[in-house]
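Overview (structure and organization)
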Amino acid sequence: MARGMSNAIAAVILAAGKGTRMKSDLHKVLHPIAGRPMLMHLLGGLAGLAPAATVVVVGDKREQVEAALAGTGAVVAVQEPQLGTAHAALQAKDSLAGFDGIVLVCFGDCPMLTAATVLRLCGALDEGAAVAVLGFRPTDAAAYGRIIADADGTVRKMVEYKDASDAERAVDLCNSGVIVANAADMWRLLEAVGNDNAQGEYYLPDVATGAIGEGKRVRVIETSAAEVAGINSRAELAAAEAQWQAFKREEAMAGGASLRAPETVWFSWDTEIGRDVTVEPNVVFGPGVRVADGATIRAFSHIEGASIGAGCEVGPYARLRPGAVLEDKAKVGNFVEVKKAVLGKGAKANHLSYIGDATVGAGANIGAGTITCNYDGYFKYQTVIGERAFIGSNSALVAPVKIGADAIVGAGSTVTRDVMDGELRLVRAEQSVKPGWADRFHDAMRKKKAAEKKA
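All of the points below concern the structure found in this document. (Residues numbered from 1 in each chain as written. Predicted model: local features only at pLDDT ≥ 70, side-chain atom pairs only at ≥ 80, totals over all residues. Heavy atoms only, no water.)

**Observations concerning the overall build of the protein**
Looking only at helices and strands, one finds nine helices and 35 strands in the protein. Expressed along its principal axes, the backbone C-alpha trace of the protein runs to roughly 105 × 65 × 40 Å. Within the protein, the fraction of its 455 residues that count as buried is 46%. Contacts spanning at least 24 positions in sequence make up 43% of the contacts within the protein whose residues lie at least 6 apart. (Helix = DSSP H or I, 4+ residues; strand = E, 2+ residues; numbered from the N terminus. Buried < 20%, exposed > 50% of the residue type's maximum accessible area, 1.4 Å probe, protein only. Contact = heavy atoms within 4.5 Å.)

**Details of the sheet that holds strand β33 (residues 408-409)**
The strands making up a sheet associate through backbone hydrogen bonding, with each pair oriented either parallel or antiparallel. Strand order in the open sheet formed by ten strands is β12-β14-β17-β20-β23-β25-β27-β30-β33-β35, with parallel pairing between adjacent strands. The sheet terminates laterally at β12 (258-259) and β35 (424-425), the two strands that pair on one side only. Where strand β14 (residues 278-279) lies against strand β17 (residues 296-297), two bridges are found, and the strand directions are parallel. Of the residues in β17, the one forming a bridge with V279 is I297. (Pairing = 2+ DSSP bridges.)

**Quick notes on the packing of helix α1 (residues 38-46) against helix α2 (residues 62-69)**
Relative to each other, α1 and α2 sit at 45°, their axes nearing to 11 Å. Viewed along their axes, α1 and α2 adopt a mutual orientation that is oblique. Between α1 and α2 lies a crossing whose hand is right-handed. On α2, the residues that touch L39, M40 and L43 of α1 are V65, A68 and L69. A class-by-class count of the residues in the contact of α1 with α2 yields six nonpolar, no polar and no charged. (Axes fitted to C-alpha atoms, helices over the stretch in contact; angles between N-to-C directions. Parallel < 35°, antiparallel > 145°, perpendicular 65-115°, else oblique. Left-handed = near helix turned anticlockwise from the far one by under 90°. Nonpolar A, V, L, I, M, F, W, Y, C, P; charged D, E, K, R; others polar.)

**Describing helix α6 (residues 183-192)**
Listing the buried residues of α6 in full gives A183, D185, M186, W187, L189 and L190. Buried residues in α6 make contact with α3 (85-90), β6 (102-107), β7 (131-136), β10 (174-182) and α7 (206-213).

**Describing the state of the cysteines**
Evaluated as defined, the whole model comprises zero disulfides. The thiol of C106 is not disulfide-bonded; the next cysteine sulfur, from C110, is found 8.3 Å away. The thiol of C174 is not disulfide-bonded; the next cysteine sulfur, from C110, is found 13 Å away. (Disulfide = S-S within 2.5 Å.)

**Regarding the pattern of salt bridges**
Within this structure, the stated rule accounts for 25 salt bridges. Residues K93 and E191 are paired through a salt bridge, measuring 2.6 Å at the closest nitrogen-oxygen approach. On the criterion of sequence distance, the pair formed by K93 in the loop between α3 and β6 and E191 in helix α6 is long-range, its members being 98 residues apart. Judged by its relative accessible area of 31%, K93 falls in the partly exposed class. You can call E191 partly exposed: its relative accessible area is 46%. Measuring nitrogen to oxygen at the nearest pair gives 2.8 Å for the salt bridge that ties E423 to R425. Judged by its relative accessible area of 15%, R425 falls in the buried class. (Salt bridge = Lys/Arg side-chain N within 4 Å of Asp/Glu carboxyl O.)

This is the structure we're talking about:
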């Protein structure tokens, strides 16, 4: 989707606002959707453009944004003081000195914008427009700025709601604020924007107004309201999350996965789901999960940072934490937690176990109540369980320890030393048997209780 050098694209992302409606110590554009900051969603969406440069204009809490952008290749420009959106966009000029391609200006709190839509905007410039703006038709146009345009998309007027006539307010084509122009036009028009308005601010839509005033063509390209939805409050953040999740669920099912109750399944931005995967109700996927073909994820499971092989079964009520790897046809059952551990092909831990910092061989069976004691308060240690080993119920494996192939650990054992291949290890206290003791105890207690009642 990248364009040639003669018409390369530079992205200017405005993120200097205070975000006061969020009521948060975290910068607004860093609030996550599906576990990923909304600014990173936007950068990901624009990556298909292969932008020649990306400039993020910051102001309030700028150190947070700068830290989040480390390693992305984006550069930061500072708006101080904050005098409006046109003034903010102009702060990127120095960072783009010498760039003569197309400049895109968009907003860090509108994370759903796609490269495909930006390319449609750029296409309007290729067809002779000096400026192209992105419009949308919301269900409720409310107080959005209006775009007055001809049937062919030629913009005649950009008007803020408060300045619009009744006839103009009846128009449902609204301004998203996203705008493109060639660099020379963008900087010249931004510098010409005035602040003769009630707020005394420099507004970005006046770039289009200025071009119209010069007799140049301005085009509007339309997209869905969902793609340009801005996020300014916790409620809008929740709505964006719901929108994103609905899209991801549809994508998963279109790809061949079965979601028994789609509205109860929550994905992360990077979840990978294969074909013929079944996901039961109330499953949560955190970041970094890959599920191969034919796996079954049963109800009320929580999975993050895990790789699940083909034909595996997980849950119900299982927790897979980062570093969990289930090879093909492995099984993790109810109330089992796995962390930084590999379960080999066909290995099973069916119930009530903790497996951490461990390698479990193919075909091994982990009995109910088994735990790997991997932490001494200072360091983590490894447990290695060989192929086809059988770990009896309620066993504690005190790491570092190795259980050999085909070995058996008897139920209730606490294993502190390595177990050799094919060996049986029993670690239990000798059982003591006292015939008739319980009968005598019950008789004595009943007599004592009866005496207390008579007293």
